[in-house]
Amino acid sequence: MLANARLLLAALWAGSVWAVSYLAAPSAFAVLDSTQAGNVVGIMLTRSAWLAIVLAVLLAPLIARSTDLDARRRRWLYGLVAGMLACSLIVYLGLQPMMAAIREAAGPAGVRASKQWGTFAALHGVSQVLYLAESILGAVLVVKAR
């Protein structure tokens, strides 16, 4: 029973990262202007970060109480959960606020017209790398959670 719950939560977490990062966000930017798309994606990423926190809190005791896990596999799972949570929190608490401040300072002309476009693009690039890392860690978590 605990193994099934572990797998379900791991799949939910990894699937939500994949859905937001590779389906919803690019789709929003494909059909909306960049300001609207940025607002929509920002909301999705905030909800994704909160989901990551909840799932990490739920997974940790499941891992701790699972009798089917040896110490090595348990450490792997804890490490994967911590890594995924760290990626999510770095983006949510660190990068997103900085990017939002740049967007706000840019005003109606938009970020691309701003002097801070280079900084914004760099922060966005780091964010994408962290979501890629979280995606890979999520795939490993799903495989190891079984």
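Here we summarise the structure given alongside this text. (Residues numbered from 1 in each chain as written. Predicted model: local features only at pLDDT ≥ 70, side-chain atom pairs only at ≥ 80, totals over all residues. Heavy atoms only, no water.)

Thoughts on helix H2 (residues 34-65)
Note the cut-off: Numbering of helices and strands runs from the N terminus, with a helix taken as a DSSP run of H or I at least four residues long and a strand as a DSSP run of E at least two residues long. The span one expects for a helix is its residue count, reduced by one, times 1.5 Å. Here a polar contact means two N or O atoms within 3.5 Å. Within protein one must be a hydrogen donor candidate and the other an acceptor candidate, and residues neighboring in sequence count only if both atoms are side-chain atoms.
Look at H2: 46 Å from first C-alpha to last across 32 residues, which is about the 46 Å you get at 1.5 Å a residue. Sitting at the amino-terminal end of H2 is Asp-33, which places a side-chain oxygen 2.9 Å from the backbone nitrogen of Thr-35.

Observations concerning the environment of Ser-66
Note the threshold: Think of it in three bands: with a 1.4 Å probe and only protein chains considered, a residue is buried below 20% of the maximum accessible area for its type, exposed above 50%, and partly exposed in between. Only heavy atoms matter for contacts: two residues are in contact if any of them lie within 4.5 Å across the pair.
With respect to the secondary-structure elements, Ser-66 resides in the loop between H2 and helix H3 (71-106). The exposure class assigned to Ser-66 is buried, which follows from its relative accessible area of 1%. Considering only alpha carbons, one finds Ser-66 and Ala-3, 63 residues apart in sequence, at a separation of 7.1 Å. Setting aside its immediate chain neighbours within four residues, Ser-66 contacts Leu-2, Arg-6 and Arg-74. A distance of 2.7 Å separates polar atoms of two side chains, one belonging to Ser-66 and the other to Arg-6. One polar contact links the side chain of Ser-66 to the main-chain carbonyl oxygen of Leu-62, over a distance of 2.5 Å.

Structural notes on the packing of helix H1 (residues 2-31) against H2
As a reminder of what qualifies: To get an axis, fit a line to the C-alpha atoms, keeping to the stretch in contact for a helix; angles then go from 0 to 180 degrees between the N-to-C directions. Any angle between 65 and 115 degrees counts as roughly perpendicular, while under 35 counts as roughly parallel, over 145 as roughly antiparallel, and the rest as oblique.
Running from amino to carboxyl end, H1 crosses H2 at an angle of 170 degrees, the nearest separation of the two axes being 10 Å. By the angle between their directions, the pair H1 and H2 is classed as roughly antiparallel.

Remarks on the pattern of salt bridges
The cut-off we apply is this: For salt bridges, the criterion is a side-chain nitrogen of Lys or Arg within 4 Å of an Asp or Glu carboxyl oxygen.
On inspection of all chains with the given rule, the structure shows one salt bridge. For Arg-6, the salt bridge identified is with Asp-68, shortest N-O distance 2.9 Å. Of this pair, Arg-6 sits in helix H1 while Asp-68 sits in the loop between H2 and H3, and the two are 62 residues apart along the sequence. The buried category is assigned to Arg-6, whose relative accessible area is 1%.

A few points about the packing of aromatic side chains
The criterion, for reference: What counts as a ring pair is set by centres within 6.5 Å for rings of Phe, Tyr and Trp (its six-membered ring), and what kind of pair is set by the plane angle: stacked under 30 degrees, edge-to-face over 60, tilted for all other angles. In our convention, an over-ring charge means Lys NZ or Arg CZ found within 6 Å of a ring centre and within 35 degrees of that ring's normal.
Applying the stated rule across the entire model yields two aromatic pairs. Summarising the aromatic geometry, the rings of Trp-50 and Tyr-92 are spaced 6.3 Å apart at their centres and angled 70 degrees between planes, so their arrangement reads as edge-to-face. Highlighted residues: Trp-50 in helix H2 and Tyr-92 in helix H3, separated in sequence by 42 residues. The exposure class assigned to Trp-50 is partly exposed, which follows from its relative accessible area of 48%. A ring pair is formed by Trp-117 and Phe-120, whose centres lie 6.0 Å apart and whose planes are at 20 degrees; its orientation type is stacked. Taken as a pair, Trp-117 and Phe-120 lie in helix H4 (residues 117-145) at a separation of three residues, close to a single helical turn. Given a relative accessible area of 30%, Trp-117 falls into the partly exposed group. Cation over ring: Lys-144 sits above Trp-76, and NZ or CZ is 5.0 Å from the ring centre.

Looking at the nonpolar core
For clarity, the threshold we go by: The criterion is simple. A nonpolar core is a set of buried Ala, Val, Leu, Ile, Met, Phe, Trp, Tyr and Cys residues joined through side-chain atoms within 4.5 Å.
Counting 34 residues, the largest nonpolar core has Trp-13, Leu-59, Ile-63, Val-81 and Leu-141 as its most contacted members. Take this core: its biggest share by element is 10 residues, from H3. In this structure Val-81 touches Trp-13, Ala-56, Leu-59, Ile-63 and Leu-141, once residues within four positions along its chain are discounted.

Concerning the environment of Arg-112
Topologically, Arg-112 is positioned in the loop between H3 and H4. Here the alpha-carbon distance between Arg-112 and Leu-85, two residues 27 residues apart in the chain, equals 30 Å.

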